[in-house]
Amino acid sequence: MSPDTILVAIAWPYANAPIHVGNLTGSHLPGDIVARYHRLKGDRVLMVSGTDSHGTPVTLRADAEGKPVEEVYQIFHNQFIELFQKAGISYDLFTTTHTANHFKVSQSIFLALKENGYLYTETRPQWYSPAARKFLPDRYVEGTCYLCGFEGARSDQCDQCGNVLEPEKMLNPRSKADGSVPELRDTEHFFLDLSKLEPAVANFLRARRSYMREPVLGESLGKIESEGLKPRPITRDLDWGIPVPVEGWDGKRIYVWFEAVIGYLSAAIEWAHIVDQPNAWRDWWTSPDSKSLYFIGKDNIFFHTTMWPAELMGAGEQFMRIFAGDGGYRASEGKLNLPYDVPANQFMNLEGRKISGSRNWAVWGLDFLTRYDPDSLRYYLTVNMPEMRDTDWDWAEFVARNNNELVATWGNLANRVLSFAYRNWDGQIPTPNQLRPTDKEILATIDKGVVSVGEHLSAVRLRAALGEAMRLASEVNKYLDTASPWFEIKTDKSAAGTTIYTALRAIDTLKVLFAPFLPFTCEQLHHFLGYTTPLFGVQYTEAQTDALGVHNVLRYNPDPATGKWQPSQLQPGQKLNPPAPLFKKLEASIAEIERGRLGS
Ligand SMILES: [Zn+2]
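The text that follows walks through the structure, step by step, so that each part is easy to find. (Residues numbered from 1 in each chain as written. Predicted model: local features only at pLDDT ≥ 70, side-chain atom pairs only at ≥ 80, totals over all residues. Heavy atoms only, no water.)

1. Things to note about the overall build of the protein
Next up, step 1: Scanning the protein from terminus to terminus reveals 20 helices and 17 strands.
Next up, step 2: The C-alpha atoms of the protein give 27 Å as radius of gyration, which agrees with the globular expectation for 600 residues (25 Å, within 12%).
Next up, step 3: Here the C-alpha coordinates of the protein stretch approximately 90 × 60 × 45 Å along the principal axes.
Next up, step 4: Here the protein holds 600 residues, and 56% of them are scored as buried.
Next up, step 5: For the protein, long-range pairs separated by at least 24 residues make up 77% of all intrachain contacts whose partners lie at least 6 apart in sequence.
Next up, step 6: As presented, the protein carries roughly 24500 Å² of accessible surface, and 48% of it is formed by carbon and sulfur atoms.
Next up, step 7: Here the protein holds 62 positive side-chain charges and 72 negative ones, and the gap between their average locations is 4 Å. (Helix = DSSP H or I, 4+ residues; strand = E, 2+ residues; numbered from the N terminus. Rg over C-alpha atoms; globule rule 2.2 N^0.38 Å. Buried < 20%, exposed > 50% of the residue type's maximum accessible area, 1.4 Å probe, protein only. Contact = heavy atoms within 4.5 Å. Areas by Shrake-Rupley, 256 points an atom, 1.4 Å probe, with all protein chains shown as cover. Lys, Arg positive; Asp, Glu negative; His and termini not counted. Charge placed at Lys NZ, Arg CZ, Asp CG, Glu CD.)

2. Examining the environment of Ala-495
Next up, step 1: Locating Ala-495 in the fold gives a position in helix α18 (residues 493–514).
Next up, step 2: Among the residues examined, Ala-495 registers a relative accessible area of 11% and is labelled buried.
Next up, step 3: C-alpha of Ala-495 to C-alpha of Ala-483: the two residues are 12 residues apart in sequence and 9.6 Å apart in space.
Next up, step 4: Among residues more than four places away in sequence, those in contact with Ala-495 are Asn-433, Arg-436 and Glu-488.

3. Some details on the coordination of the zinc ion
Six octahedral donors around a metal ideally make angles of 90 or 180 degrees; four tetrahedral donors ideally make 109.5 degrees.
Next up, step 1: Of the protein atoms, only Cys-145 (SG), Cys-148 (SG), Cys-158 (SG) and Cys-161 (SG) coordinate the zinc ion, at distances of 2.3 to 2.4 Å.
Next up, step 2: Relative to the metal, the 4 donor atoms surrounding the zinc ion lie at angles of 103 to 115 degrees, and the coordination shape comes out tetrahedral.
Next up, step 3: In the primary structure, the donors to the zinc ion are separated according to the pattern C-x2-C-x9-C-x2-C. Note that Cys-148 is positioned in the loop between β6 (141–144) and β7 (153–154) and Cys-161 in the loop between β7 and β8 (171–175), a separation of 13 residues in sequence. (Donors = N, O, S within 2.8 Å, 3.2 Å for Na, K, Ca; no water. Tetrahedral: all angles 85-135°; square planar, octahedral: opposite > 155°, others 65-115°.)

4. Brief notes about the sheet that holds strand β10 (residues 232–233)
Next up, step 1: Read from one edge to the other, the open sheet built from 4 strands follows the order β5-β4-β9-β10, with strand pairing classed as antiparallel. Of all the strands in the sheet, just β5 (134–135) and β10 have a single pairing partner and so form its edges.
Next up, step 2: The pairing of strand β4 (residues 119–129) with β5 spans 2 bridges and is antiparallel. Bridged to Ser-129 within β5 is Lys-134. (Pairing = 2+ DSSP bridges.)

5. Regarding unusual backbone geometry
Next up, step 1: In this model, Asn-172 sits at a positive phi of 45 degrees, which is unusual for a non-glycine residue.
Next up, step 2: Within the fold, Asn-172 resides in strand β8.
Next up, step 3: Judged by its relative accessible area of 56%, Asn-172 falls in the exposed class.
Next up, step 4: Positive phi, close to 55 degrees, is recorded for Asn-360, a residue that is not glycine.
Next up, step 5: By the secondary structure assignment, Asn-360 is in the loop between β14 (348–350) and α12 (365–368).
Next up, step 6: On the accessibility criterion, Asn-360 (22% relative accessible area) is partly exposed.

6. Some details on the packing of helix α5 (residues 194–206) against helix α6 (residues 214–227)
Next up, step 1: Put simply, α5 and α6 touch, their axes get as near as 10 Å, and they point 140 degrees apart. The orientation of α5 with respect to α6, classified from their angle, is oblique. Crossing of α5 over α6 shows left-handed handedness. Facing Glu-198, Val-201, Ala-202, Leu-205 and Arg-206 of α5, the residues of α6 in contact are Leu-217, Ser-220, Leu-221, Ile-224 and Glu-225.
Next up, step 2: A class-by-class count of the residues in the contact of α5 with α6 yields 6 nonpolar, 1 polar and 3 charged. (Axes fitted to C-alpha atoms, helices over the stretch in contact; angles between N-to-C directions. Parallel < 35°, antiparallel > 145°, perpendicular 65-115°, else oblique. Left-handed = near helix turned anticlockwise from the far one by under 90°. Nonpolar A, V, L, I, M, F, W, Y, C, P; charged D, E, K, R; others polar.)

7. As for the pairing of strand β17 (residues 549–557)
Next up, step 1: Pairing geometry for strand β3 (residues 93–96) and β17, over 2 bridges, is antiparallel. Paired with Phe-94 across the bridge in β17 is Leu-554.
Next up, step 2: Judged from the 9 bridges that link them, strand β16 (residues 538–546) and β17 form a sheet pairing that is antiparallel. Paired with Asp-546 across the two strands is Gly-549, which belongs to β17.
Next up, step 3: Hairpin connection, β16 to β17: the antiparallel pair is bridged by 2 residues.

8. Overview of helix α1 (residues 21–40)
Next up, step 1: A maximum bend of about 40 degrees is found in α1 at His-28, where proline Pro-30 lies one to four positions downstream.
Next up, step 2: Taken across its 20 residues, α1 has 19 buried, putting it largely inside the fold.
Next up, step 3: Immediately downstream of α1, the backbone of Gly-42 shows phi near 90 degrees, a positive value. (Bend = angle between axes of the 7 residues up to and from the residue.)

9. Here we look at the side chain of Thr-499
Next up, step 1: Within the fold, Thr-499 resides in helix α18.
Next up, step 2: Side-chain polar atoms of Thr-499 contact the side chain of Arg-436, separated by 2.8 Å. (Polar contact = N/O pair within 3.5 Å; in protein donor to acceptor, adjacent residues only side chain to side chain.)

10. Comments concerning the sheet that holds β6
Next up, step 1: One open sheet accounts for 3 strands, arranged β7-β6-β8; its pairing is antiparallel. A strand with exactly one partner marks an edge of an open sheet, and here the two such strands are β7 and β8.
Next up, step 2: In the sheet, β6 pairs with β7 via 2 bridges, with the strands oriented antiparallel. Within β7, the residue paired with Gly-143 across the bridge is Ala-153.

11. Considerations on the packing of α1 against helix α13 (residues 374–383)
Next up, step 1: It is the contact of α1 with α13, at a shortest axis distance of 10 Å, that shows an interaxial angle of 100 degrees. The angle between the axes of α1 and α13 places the two elements in the roughly perpendicular class. Between α1, through Val-21, Leu-24, Thr-25, Leu-29, Asp-32, Ile-33 and Arg-36, and α13, the contact on the second element is made entirely by Leu-377, Arg-378, Leu-381 and Thr-382.
Next up, step 2: Residues belonging to the contact of α1 with α13 are distributed by class as follows: 6 nonpolar, 2 polar and 3 charged.

12. Description of the environment of Arg-505
Next up, step 1: Locating Arg-505 in the fold gives a position in helix α18.
Next up, step 2: C-alpha separation for the pair Arg-505 and Ala-469, spaced 36 residues apart in sequence, amounts to 15 Å.
Next up, step 3: Beyond its immediate chain neighbours, meaning those up to four positions away, Arg-505 contacts Leu-443, Asp-447, Ser-568 and Leu-570.

This is the structure we're talking about:
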């Protein structure tokens with residue numbers, strides 16, 4: 001079977017808050033698991049994302065801290081990179097939207113849509129601050145909700161009644177920046193004519209109806225069929241962000257949601273330049289054989305299933321000509337690929353309540369990893385992943401799952417067999433006699449997992465895939481309980497050697513099945529088993545310089561990786577390395593300690 005070409009596109013985190021466990025299980029972790037699986041399978045994977053450094057959430061944070069917005073976005077961006085390295089989120093490129101390359105790609109999409117007749121301008125009233133002498137973006141205006149009377153509503157959304165609001169209807173408006181009273185003034189903006197693109201977007205979604213997740217279809221096709229699509233403004237009165245590439249539009253910027261989704265394309269282009277193969281991005285973006293998977297949370301479904309496909313279809317082949325200029329690509333060299341699937345996740349709550357960063361009702365990724373191991377985190381976030389409905393992070397359950405499943409079922413299996421082999425067979429894989437029917441049977445059962453776990457992973461059913469791998473680990477425990485090599489060795493060492501060889505081969509296969517989920521401990525196990533080259537490649541950071549300055553990026557070098565998605569080929573006589581436990585048992589008391597940290 002020839003390798004597949006897979007773009008793993010993961011939601012761009014806003015540079016206004018650290019990343020918590022809900023963000024990780026919502027998008028970064030599922031994307032990483034799928035990318036690692038396809039890499040083991042030998043597929044060509046490009047996994048990209050970056051920091052969403054523009055938009056009012058970022059400028060508001062900078063205002064609140066009294067720091068330049070550029071400094072604030074860099075602080076969060078560098079924290080994201082640190083977390084992804086520590087949690088093993090293996091981006092081929094994690095960059096930012098504040099790069100000269102992303103500006104150029106975004107402006108080219110904008111101009112292609114304009115040329116193709118999908119943009120128009122319209123003048124509308126917007127809140128203006130005479131005190132600050134500028135227009136106030138939606139999030140900068142607070143006041144009383146005209147629907148429910150809540151006094152602390154944002155002009156575009158009310159947290160009390162949950163409704164999306166028409167900003168100019170806000171009662172008792174005040175500026176969030178300085179408390180002054182704004183007035184309505186006319187301002188002109190570009191609009192993306194989504195109503196014109198509605199039939200194309202609806203057809204795009206219908207063609208994916210057989211495999212897209214039900215909640216994703218409901219939020220996209222379902223809404224289009226019941227409410228239709230309305231034009232959306234795609235520029236803002238702001239001075240932070242990407243300039244509108246049209247004369248006379250100084251002082252306005254492209255709307256952050258219009259350009260952030262373009263990051264999936266611009267990051268692939270930046271990656272191709274970094275690896276010095278400037279055309280390589282096209283294998284993922286214009287080759288008809290490539291598949292793109294978008295990993296996002298449910299709050300972003302509209303932008304990925306509707307807005308982004310509309311931008312891609314509307315820009316069409318014009319993008320290539322505008323982007324590359326004369327002497328570049330011919331427009332006819334290809335349209336940009338539409339998303340193949342958008343397996344959006346629902347939300348993870350925390351101890352029965354919605355996660356809230358501002359109230360510190362959150363488990364922060366970097367903070368968590370100062371006390372616990374990354375694979376314990378990845379395990380719990382996968383068995384509890386909100387694939388079809390909201391789930392809950394519960395500290396007592398985290399401890400129980402770690403101890404009863406990760407440690408008791410899988411960790412102890414690997415550790416007791418490796419230690420026993422190392423001690424009794426001179427630090428080597430024992431040489432078996434002819435395999436008995438029970439040995440052959442357990443190996444056949446485990447080898448079938450390569451297919452069954454692989455099918456779940458291909459279809460992005462990650463909870464089912466991990467559950468199946470853990471079920472197979474229990475089968476090996478049952479096999480060992482029956483064969484009892486610890487007693488067998490006292491009467492017949494060569495029979496015990498056959499049992500241990502069989503168990504080690506099963507563990508070696510399970511290692512591959514667990515590897516996308518638990519990359520750190522599977523790499524350790526791989527080393528204990530005596531392999532001299534690693535399962536996976538290495539993550540590293542580097543600085544990139546362009547006309548906008550310096551930005552750090554996270555990268556992944558697949559080079560020394562030798563892991564393969566296949567049954568074990570373990571050789572008798574292979575020298576083992578001294579084993580050690582893969583996981584730590586946790587004290588039950590930590591649940592109360594951790595709950596005490598919440599909300600303070
Ligand atoms: Zn309200």
